[in-house]
Amino acid sequence: MNHLPSKSAMLSQIKIGVSYLALVFLSLVFITPLLWMISSTVHSLEGVFAVPFQWIPAKLHWENYRDATQLLPFARYFFNTAFITIMVIVGTVFSSSLVAYGFARLRFRGRNKLFALCLATMMLPGQVTMIPLYVFFAKLGWVDTFLPLIVPAFFGSPFYIFLLRQFFLSIPYSYDEAALLDGASRFRIYWNIILPLARPAIATVVVFSFVGVWNDFFNPLIYINSFEKATLTLGLNLLKTQIIGSGVTQWHLMMAASVLVLVPNVIVFFLAQRHFIKGLNVGGLRG
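Parameters and conventions
Residues numbered from 1 in each chain as written. Predicted model: local features only at pLDDT ≥ 70, side-chain atom pairs only at ≥ 80, totals over all residues. Heavy atoms only, no water. Helix = DSSP H or I, 4+ residues; strand = E, 2+ residues; numbered from the N terminus. Axes fitted to C-alpha atoms, helices over the stretch in contact; angles between N-to-C directions. Parallel < 35°, antiparallel > 145°, perpendicular 65-115°, else oblique. Contact = heavy atoms within 4.5 Å. Nonpolar A, V, L, I, M, F, W, Y, C, P; charged D, E, K, R; others polar. pLDDT = per-residue confidence, 0-100. Core = buried A, V, L, I, M, F, W, Y, C linked by side-chain atoms within 4.5 Å. Buried < 20%, exposed > 50% of the residue type's maximum accessible area, 1.4 Å probe, protein only. Salt bridge = Lys/Arg side-chain N within 4 Å of Asp/Glu carboxyl O. Expected span 1.5 Å × (residues − 1). Phe/Tyr/Trp six-rings, centres within 6.5 Å; stacked < 30°, edge-to-face > 60°. Lys NZ or Arg CZ within 6 Å of the ring centre and 35° of its normal.

1. Here's the deal with unusual backbone geometry
Moving on, step 1. A cis amide bond links Val 51 to the next residue, Pro 52, at an omega of 0 degrees.
Moving on, step 2. Tracing the backbone through its elements, the reader meets Pro 52 in the loop between helix 2 (45-48) and helix 3 (63-71).
Moving on, step 3. Although it is not a glycine, Asp 144 adopts a positive phi angle of roughly 65 degrees.
Moving on, step 4. Note that Asp 144 resides in the loop between helix 6 (126-139) and helix 7 (147-150).

2. Considerations on the packing of helix 4 (residues 74-105) against helix 10 (residues 186-197)
Each pair of packed helices gets described by two things: the angle between the helix axes and the distance between those axes.
Moving on, step 1. Where helix 4 contacts helix 10, the axes come no closer than 11 Å and their chain directions differ by 105 degrees. With respect to their mutual orientation, helix 4 and helix 10 come out roughly perpendicular. Residue-level contacts link Phe 94, Ser 97, Leu 98, Tyr 101 and Arg 105 of helix 4 to Arg 186, Phe 187, Ile 189, Tyr 190, Trp 191, Ile 194 and Leu 195 of helix 10.
Moving on, step 2. When its residues are assigned to classes, the contact of helix 4 with helix 10 shows nine nonpolar, one polar and two charged.

3. Some details on the packing of helix 10 against helix 11 (residues 199-214)
Moving on, step 1. Axis separation between helix 10 and helix 11 bottoms out at 5 Å; the angle between their running directions is 75 degrees. As the angle between them shows, helix 10 and helix 11 are arranged roughly perpendicular. Contacts between helix 10 and helix 11 involve Leu 195, Pro 196 and Leu 197 from the first element and Arg 199, Pro 200 and Ile 202 from the second.
Moving on, step 2. Split by residue class, the contact of helix 10 with helix 11 holds five nonpolar, no polar and one charged.

4. Quick word on the confidence of the model for the chain
Moving on, step 1. Scored by pLDDT, the chain has a mean of 86; 91% of the residues are at 70 or more.
Moving on, step 2. Highest mean pLDDT in the chain belongs to helix 7 (95); lowest belongs to helix 15 (residues 273-285) (59).

5. Description of the nonpolar core
Moving on, step 1. Counting 56 residues, the largest nonpolar core has Leu 164 and Phe 168 as its most contacted members.
Moving on, step 2. Ranked by residues supplied to this core, first place goes to helix 4 with 11 residues.

6. Focus on the pattern of salt bridges
Moving on, step 1. Within this structure, the stated rule accounts for two salt bridges.
Moving on, step 2. Put simply, Arg 66 and Asp 67 hold a salt bridge, and the shortest N to O gap is 3.2 Å.
Moving on, step 3. Measuring nitrogen to oxygen at the nearest pair gives 2.5 Å for the salt bridge that ties Asp 176 to Arg 105. Highlighted residues: Asp 176 in helix 9 (residues 174-181) and Arg 105 in helix 4, separated in sequence by 71 residues. Per residue, the accessibility class of Asp 176 equals that of Arg 105, and both read buried.

7. Thoughts on helix 11
Because an α-helix packs 3.6 residues into every turn, residues spaced three or four apart end up facing the same way.
Moving on, step 1. Over its 16 residues, helix 11 extends 22 Å from the first C-alpha to the last, a length consistent with the 22 Å expected when each residue adds 1.5 Å.
Moving on, step 2. Among the residues of helix 11, Pro 200, Ala 201, Ile 202, Ala 203, Thr 204, Val 205, Val 207, Ser 209, Phe 210 and Trp 214 are the ones counted as buried.

8. Things to note about the side chain of Thr 85
Moving on, step 1. Looking at the element boundaries, Thr 85 is found in helix 4.
Moving on, step 2. A residue is classified by how much of its surface remains accessible, and Thr 85, at 1% relative accessible area, is buried.
Moving on, step 3. Apart from the residues lying within four places of it in its own chain, the contact partners of Thr 85 are Phe 210, Val 213 and Trp 214.

9. Here we look at the packing of aromatic side chains
Moving on, step 1. A full pass over the atoms with the stated rule returns 23 aromatic pairs.
Moving on, step 2. Aromatic side chains Phe 83 and Phe 146 sit 6.1 Å apart centroid to centroid with 45 degrees between the ring planes, which places their arrangement in the tilted category. Here the residue Phe 83 occupies a position in helix 4, and Phe 146 occupies one in the loop between helix 6 and helix 7, the gap between them amounting to 63 residues.
Moving on, step 3. Judged by its relative accessible area of 37%, Phe 83 falls in the partly exposed class.
Moving on, step 4. Three or more aromatic residues joined by ring pairs form one cluster here, namely Trp 36, Phe 49, Phe 53, Trp 55 and Trp 251.
Moving on, step 5. Between Arg 107 and the ring centre of Tyr 173, over which it is positioned, the NZ or CZ distance is 4.4 Å.

Below you can see the structure in the form of structure tokens.
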């Protein structure tokens, strides 16, 4: 009996091997800038752009992390960013899930048309609404406050409404019917039944919202004018533009501060990774 693999099986294995090699190559291409940034955090200023670059310098300057947090009011900016991020996550999850629940579980006339109108708002570029929103918030006296960065989150996000609605549709409607027979209100069904079952989708919204708000530079740049109210991204820009420091861009300190800003993103993603992937799969495949 011939136990040698067939020609088609060998071709299939070769294709798989080539695919893995391509993935490894692309992974190295994309991870190299990150590794350079991390390596630069333990270099001196002169060693950051030295030719040839030493990935592991002879002397590791761990004090760069300490100096970066001292040169920049890191604790204050961290608190500002964390406060804005937490409030936006709370507002986004509550408002988007509540609207998504209405579109997914309530039956009313014009529901599909209203949902299509909600999705159509995603086609409107942010550059179109930027100036009217700024004028509106300026007339309310909200410029140089956290309110323009937080309040809009409590009015829902079309993308997250769509994502949560798709996940809610995967939950059997029999749960709602059983709860209604027991006398539960619609809000109690939403709060005590739908939301606990939708943890993967909620985790997806939390991760997306966290990364988007934590790393947001444009909106704080528009609405925040005071140094004490700045976020971490604005602080990094202050280091880059030499407003804080000796007048020379301290690239090694800036890389150290950038790594510190990056760490919470990595932690949040790994904590919610399992639910995050499941939420994307279920929400994206549901019709």
